[in-house]
Amino acid sequence: MDAWSFRQWLRLLALPLLIGLSGTANALELLFITHKIVGLVSELAEKTATGSDARSTVLLLTDPAINTAVASADVVVLVGPVAIQQVASLPLPDDMPVVAALITREDSINANYLSSALYLEPPLMRQVALAHEIMGRKVPLGLLASSPERLQTLCCSPQALREHGVSAYFINDYPSMNRALVDLLQDNQALVGIYDPELFSAANIKNILITAYRQNRPLIGPSSAYIRAGALATTYSDIDDIVRRLVEIIQQGLRSGHWPEPGYNPYFNVRYNGQVARSLNLVLPDEQEMVSRLRDREQP
Amino acid sequence: MAVLVWTLMVISLFCIADKAMANNLEEELIPGLAESYRLDDEDLPVVLTATRLRQPRAEVPASVTVIDAEQIEAWNVTTLPELMRFVPGMFIGHGDDENNASLAYHSSSPSVMRRLQVLVDGRSVFRAGIASVVWDDIPIALEDIQRIEVTRGPSSATYGSNSFQGVINIISKHPGDTLGVRLRYRNGNQGEDDSFASYSWQQGRSANRLTVQINASDGFDGAGAENGADELRDSKRHGFINFDQQRNFDGAWQLHTQAAYKSGHTDIRKSDYDQVAPDQDTRQGMLMAKLSRDFNANHSASLRAYWQHDRRTQETFVRVPTALLDPALYDLYRDNPQLASQGVSVPVVSAVASGASAEQLEALAASAGYALDVSESDLAYLQEIVANTGGDLSNLSQQVNGYTDSNITDERFDIEFQDTRRWNRSLRTVLGVSMRRDQVTSETYFGGKVNNDTYRFFGNLEWRQSDRLIVNMGGTYEREDANKDAFSPRVGLNLLLAPQQGIRLIHSEAVRSPDLLEQNPNYNVIISGLDDNYLGISEGTFFIHQWPESRDLDHERIISTELGYYGRFSGPDIEVDLKLFQEHMTHLIADSIQLRSLAIGSDSQIDIDGAELQVNWRIRPTDWIWLSSAYINVELKGEEGERRQQRVDTRLSAQDSVVASWHHKAHNWSLTASHFWYDAYNSKYSRHGNRYRRYEISMKVFDRVGRFNPWLGFHLQHLVDDGSLVYVNQQYSTTNLYNVQVGLNF
C-alpha cells in the first residue's frame, strides 16, 4: 500500500467521525483547502481553529471527500495560490464565505468570489518605511520593477512611490536589468525589493545582491526568504501573525456579515541579516523597537 | 587649530558613544517564516557569504581609510596620489630628479616612494629593480576605481615585504557597474589635457570594459616664474588602454581578467653633464587573471596570476672630460675611491708625472689638508693614467661628447593562491602561498639581466573569543634570493563596545627588502659614440661605478604599536576613527641611492609617535563632511651625520595637519569644497617648519536627456601659501589652478 492510498483510507475512515462530531457539538467548522499539505498549513489550520474556538479540517483540492466537507463547513479557507486558481473545480455554494491565505495580492486580483483575503507578502510601503528607518528618513530609495504595468499590478503607481521618496526604475526602459540596477544604485542609498518572485528569482538574486553590495547599497526586502541570501532587512508576518489576522477576519465576517477587504497583514515582525549590517557598517535598532516604530507610522 | 579640532572631536566622540551604547542590537538572526508555500529559503543561494562579506570596520585589526567612488567623483582631482591628501598622516611630494609624485605616510623620501605598497586589484605596482612606485605608470582611470582601501600601518603580515608603513589597495569597478559609454575631456591652466573614454558591455555571463585615457600636464612652473609663465621642464604625457572582464561560470566559479598597455613620456631635468634633457619614455604592459570559487557559504579560494612588463628608455648626450673615462681611473676607483676622485686633479697628476712615490703623494694630500692612502698598486694606476695622456697633461682637460642611457626593463611574474575559510562561528582563517619572479634588465644598473625570486607563505587567524573580543594573529614568511629570509607578524585585539564600535590594540612588524640596486648593484655609466679623444676609444665607462657584492644590507624594519578606536553611529550618521601610534623603524637605508653613494648602510633609525583622526559625517543624504587630522612627531636617532641623512625622510611630513571637505549634491548639480592645512611642514630643515594651506572647489552640473547624461565640471585649486612644498623649483606662477571638464555618459 503506498503512502497516498493509505492517507485516502485514513480520511475515508475519519470523515464519518468528523461529521458525527460536528453534528453533536455544533461548533464552527473551518475547512482549509490546499494543493499540498505541509506542516505550515496544518499549523495554520490548527492555530486558527484554536483562536476562533472552531474545528478545522485540511483537505487537498483533489480530495474526494471535499464535497461532503464543504457542505458542513461554515467558512472555507483557501490556502495558497493553486487553491485560488483551481477553485472553479470546487462545489462551493454561492453563500459560502471563502477566505484566502498564504497568497499574494496579485493572486487575489481576479478572485472576485473571495469574501476576504490575507496577503502573504509585506506591503511595499511598510518595506519603504523600514528602509527609511534604517537609512534615514530623507534618503533616496530605489525600486526595481519590470515595467510600470507590473508595478501597478504588484503595488501601486510610480507617482505614489515618488511621494514616499522612492524612485522606480523599469527594466523595460533599459537594454538590460543591470543597466537599470547600476543607474538605481548610483542615485539611491538602498534598493527596496518588491515582492516579485520572477524578478527576484533564484537566478537574479545573486546578481542583484552582489551588484548592490559592491556599491555598499543594501537590499531591503522583498521578503524574509531573502535575508539568508544577503538582503539586509525586511518586515514579515510569521505564522502567529497570520493566524492572528485570519482569526480576526473570520470572526469579524461571521459576526457582522461584512468581510474585511482583501489586504495585508497588520501584524508583523522585522528580520535583519546582522552579518550584512555589520559588514556595511550600519547600526540597526533592536527589531522589536523597529516593529513598534513602524506600527506607530502605520497608525492613522 | 589642530588642537581645537582635536578637542572638539574628542568631546563629541564621548557624547555620541554614550548614546550609541544603548542601541545594542540583537545579533542573532530571527528564524523567520519559512515561506515554503511560495519560495523557500533553500531555493535562494546564500549570496553574501561569510567569506565574501567585508569585515565590519570595528572588527578590522588595522587602521583603514576607505575612499569610495563617491568621494573620488566629488573631489574630482586629476591624479591618484592627490586622493591620498585626504588620508590622515599621508603627505604628497614630488621627486626632484624623477618628476614623479611621491607619497609618505608619516615620513619618507620626497624623491622616491619606497616604503608604501601599492596594489591594483591585488597586483603590486611596486618596482623591484629600483624600489619605487611610479604613479603616472599605473594604467587605471580614476573613473574606473570603485574604492581605495588605505591600510595605515605596517602590513607585511598580510601583503608581504614592502608593505612597510602602509598599503594602498586600489580596487577597480566591476565592468557590470559601468555599463554603457562614458566620455570625458578635461582642460586646465597647467597644461592639463586629459581625455577619457570607456565602454562596458555584457555578453552572456561576462561583463567587459574597455577604457582608454590620454593625459598631459605641464607640471610646476619653477621658482622664479610669474604670471602664468612656465619655466620648469617637467611636463608629461601618458596614455593607456585597458581591458577588464569578469566572468561567472557554473558552480560558483568566477574569472577576472585584466590586460593593459601603456605608453608615456616624462620630462626629466638635465644634470651637470647632460647636453640634452634625459627624458623618460616608458612602455608598460600587464596581464592578470584571477580565478575564484565559493565552495560554500563558509569557504572560498582564489588563484591569481599576473605578468607585467615595464620598459623605461632614458637616453641623453653628455659632455665629460675624457680622463674620467680612462679605464685605469675606473680600476683605481674600485681599489681606492677616494684617491680616484682626486686622481685626475692637476697637482696629483703632475706629481705622479714627475715620479712621486706613494708616500710623497700622501704627504702632498696632507699638505692640502686631507688624508689620502696610496698603495703601490694605486700608484701604478696613476702612472698608467699619466702614460695614457702620452705625456701631454693638457689632455686631462679635454672634453668629449658621447651618448649614454639608463634604460631599464622590469618584468614580474606572480602567482598566488589564497584560501579563506570560516570554520565555525568563532574561527576564520586566511591562508596562502605565492611565488614571484622579478627580472630586471639594465646594462647601466645591473650590467645585464638579474633575477630575484620570492616565495611567500601567509596566514591570518581570526578568533572570536567572545561576542566582545576578537583576536587576530597573522604573519608572512618570505624567502627571497636577493635578501635574507624575513618573517612579519601582526597581532590584533579588537574589543567591541557595540557592534559598530570597537577599541583595537595592534602590534605589527614589517620589513622592506633592499631593492636590487641597493643590495646588488652593477652600476656603470657607459658612454658610447665618443668624439676623437686622446684615449682613442669610441666607448668608455665613467670611472665612478658600483659593483656586485659591494653591499650587505639588512631589511629595513618597522615595529608599530597602535591603539585605535572606531565607532559608527546612526544619529547623527557619523563614523569616527582615532589612532594613537608609536613606530620604531630600524635598519633604515637613509643614504641616497646615487651613482656616487658607494657606501650605503642599513643602520639608521627613526622613531615616530602621534595621533590620527578621521571623521565622516553624513549630515543629510545630500551632504557629507570628511575630516582627517594628524599629529606626527618624528624623532631622528643616531649621530649628527646620520641624522642629516635621515632628515630628507622628514621633508614631506607636517607635524600638524587638518584636511576638511564638504560635499553637497542637489538634483542636478553638486559642489565640493576642501581645505588643506599643514603646519610645521619640513620642520627638520627650517627652524619652525613651513605652513601650507590651500582650498579646492569642485562643481558639477549634470542632466539627463533621454538615455544621455551630459555633465559639466569645474575644479579650482587656490593656493594660500604659494611657496614650494619640498623643492624650491616646485612652485606655480599662479595661486589659482583650474580646469574644466565636459562629459557624456550613455
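Values in this document were obtained by computation on a predicted structure and should not be read as measured data. Just so you know, the residues in each chain are numbered from 1, in the order the chain's sequence is written. Chains carry letters and ligands carry numbers; both start at the beginning, A for chains and 1 for ligands, and go up in the order they are written. Given that the model is predicted, a residue must reach a pLDDT of at least 70 before its local features are reported, and side-chain atom pairs must reach 80 or more before they are shown or counted; all residues, however, enter totals for whole chains, interfaces and linings.

Scanning chain A for helices and strands turns up 13 helices and eleven strands. Counting every position in chain A, which comprises 300 residues, the buried fraction comes to 48%. Contact definition: two residues whose C-beta atoms, as placed from backbone geometry, lie within 7 Å. A sequence separation of at least 24 residues applies to 65% of the contacts in chain A between residues at least 6 apart. A run of DSSP states H or I qualifies as a helix once it reaches four residues; a run of E qualifies as a strand once it reaches two. Both are numbered from the N-terminal end. Comment: burial labels come from other C-beta atoms within 10 Å of the residue's own C-beta, placed from the backbone, where a count of 20 or more is buried, 12 or fewer is exposed, and between is partly exposed.

Moving on: the domain arrangement of chain A. Residue and element names in this part refer to chain A. Along its sequence, chain A is carved into domain 1 (3-120 + 240-256) and domain 2 (124-236 + 268-298). With four residues of domain 1 in contact, the opposing surface of domain 2 contributes four residues. In this classification, Asp, Glu, Lys and Arg are treated as charged, Ala, Val, Leu, Ile, Met, Phe, Trp, Tyr, Cys and Pro as nonpolar, and every other residue, Gly included, as polar. The residue inventory of the side of domain 1 that touches domain 2, partitioned by class, reads no nonpolar, one polar and three charged. The start and end points of each domain follow an automatic or database-based domain assignment.

Residues and elements named next belong to chain B. Strand direction decides the pairing type here: strand β8 (residues 180-188) and strand β9 (residues 193-203), joined by eight bridges, are antiparallel. Residue leucine 183 lies in a different strand from β9, and its bridge partner there is alanine 197. Hairpin geometry of β8 and β9 is characterised by an intervening segment of four residues between the two adjacent antiparallel strands and by a positive phi of about 70° at glycine 191. Strand pairing is assigned whenever DSSP detects at least two bridges linking the two strands.

To continue, consider the sheet that holds strand β4 (residues 116-120) of chain B. All names here are of chain B. If you walk across this open sheet you meet the five strands as β1-β6-β7-β4-β5, and the pairing is mixed. Looking at the sheet topology across the chains shown, the edges are occupied by β1 (63-68) and β5 (123-124). Of the strand pairs in this sheet, β4 and strand β7 (residues 166-172) are connected by five bridges, and their pairing is parallel. Following the sheet pairing, glutamine 117 is matched in β7 by valine 167.

Turning to helix α5 (residues 327-335) of chain B, a few remarks are in order. Residues spaced three or four apart along an α-helix point in a common direction, a consequence of the helix completing one turn every 3.6 residues. Residues and elements named next belong to chain B. What α5 keeps buried is the set Ala328, Leu329, Leu332 and Tyr333. Burial along α5 is one-sided: seen end-on, the buried residues are contained in an arc of 145°. Each element contacted by the buried residues of α5 is listed here: α6 (337-342) and α9 (376-388). The directions considered for the arc run from the helix axis to the C-beta atoms.

For the rest of this paragraph, the subject is the pairing of strand β1 (residues 28-34) of chain A. Residues and elements named next belong to chain A. In terms of residue burial, β1 counts as a mostly covered element, since six of its seven residues are buried. Pairing of β1 with strand β2 (residues 54-60), which is carried by seven bridges, proceeds in the parallel orientation. Its bridge partner being in β2, phenylalanine 32 is matched across the sheet by valine 58. Crossovers are marked right-handed if the path from the first strand over the helix to the second runs clockwise, as seen with the strands pointing away from the viewer. Running through helix α2 (residues 39-51), the crossover from β1 to the neighbouring parallel element β2 is right-handed. Relative to strand β3 (residues 75-79), β1 runs parallel, the two sharing five bridges. Across the sheet, the residue bridging to phenylalanine 32 is valine 77, located in β3.

What follows covers helix α6 (residues 124-135) of chain A. Residues and elements named next belong to chain A. How far a helix is expected to stretch is found by multiplying one less than its residue total by 1.5 Å. Taking 1.5 Å of rise per residue, the twelve residues of α6 would be expected to cover 16 Å, and the 16 Å separating its terminal C-alpha atoms lies within 8% of that figure. Judged by how many residues are buried, α6 sits mostly within the fold: eleven of twelve residues are covered. Among the residues making up α6, those that are buried are Leu124, Arg126, Gln127, Val128, Ala129, Leu130, Ala131, His132, Glu133, Ile134 and Met135. Positive backbone phi, at 120°, marks glycine 136, one or two positions downstream of α6.

Time to look at the confidence of the model for chain A. Interpreting fine coordinate detail is not advised for predicted regions of low pLDDT. All names here are of chain A. Confidence scores per residue from the predictor, reported as pLDDT, run from 0 to 100. Taken residue by residue, chain A gives an average pLDDT of 87. The fraction at 70 or more is 91%. Under a pLDDT of 50 for its full length, residues 1-8 has, in the predicted model, one contact with residues more than four places off or in other chains. Taken as a whole, residues 10-25 scores under 50 in pLDDT and shows ten contacts with residues more than four places along the chain or in a different chain.

Further remarks concern the packing of α6 of chain A against helix α13 (residues 287-298) of chain A. Residues and elements named next belong to chain A. As a rule, the C-alpha atoms of each element are fitted with a line to give its axis, helices using only the stretch in contact, and angles between N-to-C directions run from 0 to 180 degrees. It is the contact of α6 with α13, at a shortest axis distance of 10 Å, that shows an interaxial angle of 125°. By the angle between their directions, the pair α6 and α13 is classed as oblique. When you trace α6 past α13, the crossing you get is right-handed. When α6 is examined against α13, the residues Arg126, Ala129, Leu130 and Glu133 are found in contact with a partner set consisting of Met290, Arg293, Leu294 and Arg297. Looking at the contact of α6 with α13, its residues break down into four nonpolar, no polar and four charged. Any angle that is under 35 degrees is reported as roughly parallel, and any over 145 degrees as roughly antiparallel; angles of 65 to 115 degrees are reported as roughly perpendicular and all others as oblique. Here a crossing is called left-handed whenever its near helix is offset anticlockwise from the far helix by less than a right angle, and right-handed whenever the offset is clockwise.

Time to look at the nonpolar core. Nonpolar side chains tend to gather and get buried jointly when the protein is soluble and globular. A set of buried residues drawn from Ala, Val, Leu, Ile, Met, Phe, Trp, Tyr and Cys, joined through C-beta atoms within 7 Å, is what defines a nonpolar core. Counting 87 residues, the largest nonpolar core has Leu83, Leu103, Leu116, Ile148 and Ile168 of chain B as the members making the most contacts within it. Broken down by element, the residue count for this core peaks at eight residues, all from strand β27 (residues 623-636) of chain B. When neighbours within four sequence positions are excluded, isoleucine 168 of chain B is seen to be in contact with Leu116, Val118, Ile148 and Val150 of chain B. In this structure, Ile205, Ala229, Val270 and Val283 of chain A belong to the second largest nonpolar core, which totals 58 residues.

Moving on: the interface of chain B and chain A. Taken together, the 44 residues of chain B in the interface contact 50 residues of chain A. Secondary structure elements with two or more residues in the side of chain B that touches chain A: β24 (556-570) and β25 (573-589) of chain B. Per-element tally for the side of chain B that touches chain A: the top contributor is β24 of chain B, with three residues. Looking at the side of chain B that touches chain A residue by residue, the classes come out as 20 nonpolar, ten polar and 14 charged.

Right, let's talk about the sheet that holds β3 of chain A for a bit. All names here are of chain A. Taken in spatial order, the five strands make up an open sheet running β2-β1-β3-β4-β5, and their pairing is parallel. One side of each edge strand has no neighbouring strand; the edge strands of this open sheet are β2 and β5 (116-119). In this sheet, adjacent strand axes meet at a mean angle of 20° when their direction is disregarded. In the packing of α2 onto the sheet, contacts are made with β1, β2, β3 and β4 (98-103), and the angle to β2 comes to roughly 160°.

This paragraph deals with the domain arrangement of chain B. Residues and elements named next belong to chain B. The assigned domain composition of chain B is domain 1 (57-319 + 407-520 + 554-745) and domain 2 (320-404). Averaged C-alpha coordinates put domain 1 and domain 2 at centres separated by 47 Å. With seven residues of domain 1 in contact, the opposing surface of domain 2 contributes seven residues. Considering only residue class, the side of domain 1 that touches domain 2 consists of four nonpolar, one polar and two charged.

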